[in-house]
Each structure stands twice: as structure tokens, then as C-alpha cells.
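Residue-level listing of the chains:
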Amino acid sequence: MADKTNKQPLNVPGKWYVDTTCVPCNSCMDEAPALLKYTDDQSAVYFAKQPATPDEEKAAGRASDICPTGSIGNDGV
């Protein structure tokens, strides 16, 4: 489960976030490439854009569901 007290600092404000336990395995990027980005050094992923449509919300949920480290969280649920 993602730790909301340990959020990746590059996350844009909003309910979805990636915490600092992320290991960039690429699984989440396959599900939500319009929302997630790699850090410049490619050591982690963060939410560069919050979901704005129902399809994007579903993509964020799928990314969270498949995250092997449980690093993707949602403060709105």
C-alpha cells in the first residue's frame, strides 16, 4: 500500500500519487502513459498529470492495481 506521507515530490497536486518506494518496472507506464512520467534519472515514476476523464481515472486505477511494489496511491478513495 502506497504511503501518502512518503510521496514522490514531483507528483502534480491531486488525489493520485506515486510514493518513493517505486522501482521503475514499467508496468504502470503501460497502463497510464498519458499520466505517468519517469524522473530525469529514470529511478522512479510520478504522476505528471492527474486523471481528467473517466478513461484516465480507469487507467490510473489499472496502474495502481498492477504495481508490484504498491507504490501508487489515491487519496480520494
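Residues numbered from 1 in each chain as written. Predicted model: local features only at pLDDT ≥ 70, side-chain atom pairs only at ≥ 80, totals over all residues. Heavy atoms only, no water.

Enquirer: Please clarify how unusual backbone geometry should be interpreted in this entry.
Expert: Negative phi characterises most residues that are not glycine, and trans characterises most peptide bonds. Its identity is not glycine, yet N26 carries a phi of approximately 85°, on the positive side. Its place among the elements puts N26 in the loop between β1 (16-18) and α1 (27-31). Located in the positive-phi region is Q42, a residue other than glycine, with phi close to 60°. With respect to the element layout, Q42 can be found in the loop between β2 (36-38) and β3 (45-47). Given the relative accessible area of 55%, Q42 is considered exposed. (Helix = DSSP H or I, 4+ residues; strand = E, 2+ residues; numbered from the N terminus. Buried < 20%, exposed > 50% of the residue type's maximum accessible area, 1.4 Å probe, protein only.)

Enquirer: I keep staring at the environment of P13 and nothing clicks. Help me out?
Expert: Tracing the chain through its elements places P13 in the segment before β1. Judged by its relative accessible area of 78%, P13 is exposed. Linking P13 and A48, residues 35 residues apart in sequence, is a C-alpha distance of 9.1 Å.

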